[in-house]
There are 2 protein chains.
Amino acid sequence: MVRKVTIKDVAALAQTSVTTVSLILNNKGQRFSAETIARVRAAREKISYEPDYFAQNMVNKETKTIAVLVPDINNPFFSQFIQGVEEVAYQYDFIPLIYSAGQNNQKVNYYLKELVRRNVDGFILAVSHIEEETLEGHLKQRKIPYILLDQSEKQHQSDEIAVADTEGGRMAANYLIEKGHRQIGIVLPEQRAWNIEQRFIGYQVALVSHQITVNPDWQITTPLSKQGGYQVAQQVIDSGVSAVFAVNDELAIGLARGLAELGHAVPESISIIGYDDIDWCEYVTPRLTTIKQPILALGQEATRLLLNRIEKPTLGMQQKMLSVELVERDSVQAQ
Amino acid sequence: MVRKVTIKDVAALAQTSVTTVSLILNNKGQRFSAETIARVRAAREKISYEPDYFAQNMVNKETKTIAVLVPDINNPFFSQFIQGVEEVAYQYDFIPLIYSAGQNNQKVNYYLKELVRRNVDGFILAVSHIEEETLEGHLKQRKIPYILLDQSEKQHQSDEIAVADTEGGRMAANYLIEKGHRQIGIVLPEQRAWNIEQRFIGYQVALVSHQITVNPDWQITTPLSKQGGYQVAQQVIDSGVSAVFAVNDELAIGLARGLAELGHAVPESISIIGYDDIDWCEYVTPRLTTIKQPILALGQEATRLLLNRIEKPTLGMQQKMLSVELVERDSVQAQ
């Protein structure tokens with residue numbers, strides 16, 4: 001290999017010290033004369049010196065890197081969210097690091113620790129459960145910027161972006177009620193992240209405000225995945241509901257498949273509404289009626305808020321709520 | 001903020017120089033006496049000094065980080081591939097960095113440049129086109145370990161992992177022929193990566209070996225996505241084929257949706273076989289018959305080969321080929 005040009009070569013050529021060169025090339029050379037600065041820059045130019053990333057980092061402490069922790073990269077919701085992040089990061093010359101941490105708190109801790117050591121400039125935390133002590137220990141104490149996705153802002157006192165999930169849950173249940181349904185089930189995970197809990201609350205509010213008693217037998221818990229939805233098809237049939245709100249699209253699509261295999265066609269036998277509006281909604285049969293989250297915008301906006309915070313650490317708390325909308329397709333039928 | 005304990009504090013306590021401490025704590029202190037080494041380690045222990053990542057890196061030049069470049073994180077194939085990577089990386093205490101680079105050669109170059117600057121230990125390159133000069137300029141000259149996924153090994157002379165794509169293409173077309181089809185189309189992108197080209201060759205070999213003339217009108221080009229498949233439904237109908245090999249599952253699923261909307265049900269009117277076996281095959285209607293790639297194993301194995309290479313730079317060239325298999329579901333009917 002060719003010997004790498006080092007900062008020492010620049011210093012020798014400019015007839016000054018390594019420290020002087022380092023400060024000037026890292027834009028911390030205000031105390032030097034214009035003449036010295038010009039000499040150092042010319043020397044650097046002449047021998048095409050590229051500052052070593054790690055040496056530079058020790059002075060600047062900015063890595064132009066943000067980390068994104070998601071629970072499940074296999075969920076199309078998160079792959080689209082990441083696209084939004086990458087678009088904005090690329091635009092501002094930041095490198096995003098993506099991690100799929102599962103439901104595994106140990107893995108979240110591991111990634112946070114390792115990434116903090118690597119001086120990542122900030123974090124987008126889209127994992128569904130994050131403990132206050134994890135935030136406190138890894139990020140708050142060190143004043144590392146981060147933004148939470150879909151977490152309770154009251155609990156954490158952090159920059160946060162969320163969607164109007166209570167409204168979304170209400171919208172989903174109201175739509176089924178408008179279509180004449182009265183026995184309305186909900187399929188959701190047992191361990192509920194904050195945003196899922198909001199959808200559940202919205203569903204309950206809608207039922208109660210239409211004088212429908214919320215029946216615990218209509219609440220069916222299962223893992224948040226296609227497979228999870230598929231597995232509870234028989235339970236949904238047994239519950240006697242005529243319509244179901246599945247709290248995400250993957251659940252809804254798995255459930256529709258399970259019902260069809262048991263001879264209960266959707267929507268003729270049971271109606272289903274999902275949540276998210278992943279692109280697959282258009283490609284399954286029946287096409288899925290759902291509550292649309294602005295997924296791409298969510299990724300873009302989360303990144304903008306984080307970059308804001310990195311730029312201006314003393315900014316007031318940033319909290320943003322994006323709205324949702326109903327997308328009617330073919331999976332709900334009037335009762 | 002509390003003042004951070006630095007290497008200077010350790011040196012002061014151990015009554016030695018910063019350089020000595022740095023070398024000893026980075027396991028490069030062989031030339032010091034056992035007594036000095038013990039004194040430095042005790043001092044570090046006493047004041048709980050955590051070496052600064054970047055300072056440490058300047059000595060060690062190993063970041064325990066690998067970068068993974070994929071063309072499209074939205075394709076479930078790649079999100080599953082990444083899962084395989086993460087499993088093995090986590091096991092060996094490496095941090096994987098994931099990038100979705102699109103079909104954009106400029107973005108591939110940008111990510112490679114920035115990541116090389118950050119001293120990433122190695123790369124898994126799963127982007128569909130990578131130019132020899134890109135590899136040469138960013139990686140080969142600097143002797144940075146990398147592994148190519150689904151690229152022509154002859155062209156690049158690199159560590160490489162691939163699947164038996166020619167065999168897969170042959171298998172797909174043979175299956176349709178066995179089912180009595182004689183007019184067999186293929187849907188594929190115009191710009192073909194090496195692996196897609198192999199599938200195309202396999203399809204042609206199967207037809208020819210059954211005395212079926214390969215008809216250019218049966219070759220329909222479109223972008224490699226659900227939307228791409230959806231868009232060419234009318235063209236497929238017009239071509240007069242009774243069965244189609246779509247070179248990936250997303251294409252196949254989009255096409256099936258498009259055909260159904262035009263009143264040509266799959267498989268009653270036209271049969272379809274896909275490629276990949278993404279988990280969605282089980283959740284679309286009809287369930288998709290396909291050629292299964294060992295996606296998770298591919299991610300795991302790629303990572304193992306790369307970590308091997310990082311560990312032993314002088315190892316002989318590693319080239320591995322994984323096999324494929326037919327998965328029969330409901331999208332192909334006997335003619």
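Because the structure is a prediction, the values reported are computed rather than measured.

Participant: Explain the overall build of chain A to me, and be specific about the residues and the numbers.
Facilitator: Secondary structure summary: chain A contains 14 helices and 12 strands in total. Computed over C-alpha atoms, the radius of gyration of chain A comes to 26 Å, more than 25% over the 20 Å expected from 2.2 N^0.38 for 335 residues, which places it beyond the range of a compact globule. Counting only residues that meet the buried cut, chain A has 57% of its 335 residues in that class. Counting contacts in chain A only where the partners sit at least 6 residues apart, residues at least 24 apart contribute 68% of the total. Carbon and sulfur atoms make up 48% of the accessible area of chain A, which amounts to about 14200 Å² in all.

Participant: Break down the environment of Thr213 of chain B for me, citing the residues and quoting the values.
Facilitator: Residues and elements named next belong to chain B. If you trace the backbone, Thr213 turns up in the loop between helix H10 (194–209) and strand E7 (219–221). Residue Thr213 is classed as exposed on the basis of its relative accessible area of 64%. Taking the C-alpha atoms as reference points, Thr213 and Ile295, separated by 82 residues in sequence, lie 33 Å from one another.

Participant: Go over the interface of chain B and chain A, please, and point to the residues and values.
Facilitator: Accessible area lost upon the coming together of the parts serves often as the stated size of an interface. If you look at the interface, chain B gives 55 residues, while chain A gives 55 residues. Summing both sides of the interface, chain B and chain A together bury roughly 5200 Å²; the carbon and sulfur share of this comes to 56%. At the junction of chain B and chain A, the tally comes to two salt bridges. Where Lys226 of chain B meets Asp279 of chain A, a salt bridge forms, and the shortest distance between an N and an O atom there is 3.1 Å. No other element matches the seven residues that helix H5 (residues 76–91) of chain B contributes to the side of chain B that touches chain A.

Participant: Hey, could you go over the relation of the copies chain B and chain A for me, with residue numbers and the actual values?
Facilitator: Between chain B and chain A, the superposition needs a rotation of 180 degrees and an axial shift of 0.0 Å, giving an RMSD of 0.1 Å. On the angle and the small slide along the axis, the relation comes out as a two-fold axis. Interface residue correspondence from chain B to chain A reaches 100%, placing this contact among same-surface, isologous pairings.

Participant: Which residues make up the environment of Leu176 of chain B, and what values go with them?
Facilitator: All names here are of chain B. Mapping Leu176 onto the fold places it in helix H9 (residues 165–178). Here Leu176 falls in the buried class, since its relative accessible area comes to 0%. With residues up to four places along the chain from it excluded, the contact list for Leu176 reads His181, Ile184, Ala243, Val244, Phe245, Ile273 and Val332.

Participant: Requested: an account of the sheet that holds strand E1 (residues 65–70) of chain B, with residues and values cited.
Facilitator: All names here are of chain B. Within the open sheet, the six strands sit side by side as E2-E1-E3-E4-E5-E11. Their pairing is parallel. Each of the sheet's edge strands pairs with one partner strand only, and the pair in question is strand E2 (95–100) and strand E11 (319–322). Within the sheet, the average angular offset between the axes of one strand and its neighbour, ignoring direction, is 15 degrees. Taken together, the six bridges between E1 and E2 define a ladder with parallel strand orientation. Directly across from Ala67, in E2, lies its bridge partner Leu97. Lying on the sheet, helix H6 (residues 105–117) is in contact with E1, E2 and strand E3 (122–125); it crosses E1 at an angle near 180 degrees.

Participant: Report on the pairing of E2 of chain B, specifying residues and quantitative values.
Facilitator: Residue and element names in this part refer to chain B. With respect to burial, E2 is a largely interior element, six of its six residues being buried. Neither face of E2 is left uncovered, since the one carrying Ile95, Leu97 and Tyr99 and the one carrying Pro96, Ile98 and Ser100 both have all their residues buried. For the crossover that starts at E1, traverses H5 and ends in the parallel E2, the hand is right-handed.

Participant: So, the packing of helix H2 (residues 18–25) of chain B against helix H3 (residues 34–46) of chain B: which residues are in play, and what are the values?
Facilitator: Residues and elements named next belong to chain B. Where H2 contacts H3, the two axes come as close as 10 Å, and the packing angle between them is 90 degrees. Classified by the angle their axes make, H2 and H3 are roughly perpendicular. Listed contacts from H3 to Thr20, Val21, Ile24 and Leu25 of H2 are Thr36, Ile37, Val40, Arg41 and Arg44. The class makeup of the residues in the contact of H2 with H3 is five nonpolar, two polar and two charged.

Participant: Tell me about the side chain of Thr36 of chain B, residues and numbers included.
Facilitator: Residue and element names in this part refer to chain B. Looking at where Thr36 falls in the secondary structure, it is placed in helix H3. The exposure class assigned to Thr36 is buried, which follows from its relative accessible area of 14%. Leaving out residues up to four positions away in the same chain, Thr36 has contacts with Thr20 and Ile24.

Participant: Please provide a residue-by-residue account of the packing of H5 of chain B against helix H14 (residues 295–311) of chain B, values included.
Facilitator: All names here are of chain B. Packing of H5 against H14 leaves a shortest axis separation of 7 Å and a crossing angle of 45 degrees. Classed by the angle they form, the pair H5 and H14 counts as oblique. Considering the relative orientation of H5 and H14, their crossing is right-handed. Contacts between H5 and H14 involve Phe77, Gln80, Phe81, Gln83, Gly84, Val85, Glu87, Val88 and Ala89 on the former and, on the latter, Ile295, Leu296, Leu298, Gly299, Gln300, Ala302, Thr303, Arg304 and Leu307. Tallied by class, the residues present in the contact of H5 with H14 amount to 10 nonpolar, six polar and two charged.

Participant: Quick one: what's the story with the sheet that holds strand E12 (residues 325–327) of chain A, residue by residue and with numbers?
Facilitator: Residues and elements named next belong to chain A. Spatially, E7-E6-E8-E9-E10-E12 is the arrangement adopted by the six strands of the open sheet, whose pairing is mixed. Two strands in the sheet have a free side with no partner beyond their single neighbour: strand E7 (219–221) and E12. For this sheet the average axis-to-axis angle between neighbouring strands, irrespective of direction, equals 20 degrees. Relative to E7, strand E6 (residues 184–188) is paired through three bridges, and the arrangement is parallel.

About the cut-offs
Residues numbered from 1 in each chain as written. Chains lettered and ligands numbered in written order. Predicted model: local features only at pLDDT ≥ 70, side-chain atom pairs only at ≥ 80, totals over all residues. Heavy atoms only, no water. Helix = DSSP H or I, 4+ residues; strand = E, 2+ residues; numbered from the N terminus. Rg over C-alpha atoms; globule rule 2.2 N^0.38 Å. Buried < 20%, exposed > 50% of the residue type's maximum accessible area, 1.4 Å probe, protein only. Contact = heavy atoms within 4.5 Å. Areas by Shrake-Rupley, 256 points an atom, 1.4 Å probe, with all protein chains shown as cover. Buried area = accessible area lost by both parts, 1.4 Å probe. Salt bridge = Lys/Arg side-chain N within 4 Å of Asp/Glu carboxyl O. Least-squares fit on C-alpha atoms with pLDDT ≥ 70 in both. Pairing = 2+ DSSP bridges. Axes fitted to C-alpha atoms, helices over the stretch in contact; angles between N-to-C directions. Right-handed = clockwise from strand over helix to strand, strands pointing away. Parallel < 35°, antiparallel > 145°, perpendicular 65-115°, else oblique. Nonpolar A, V, L, I, M, F, W, Y, C, P; charged D, E, K, R; others polar. Left-handed = near helix turned anticlockwise from the far one by under 90°.

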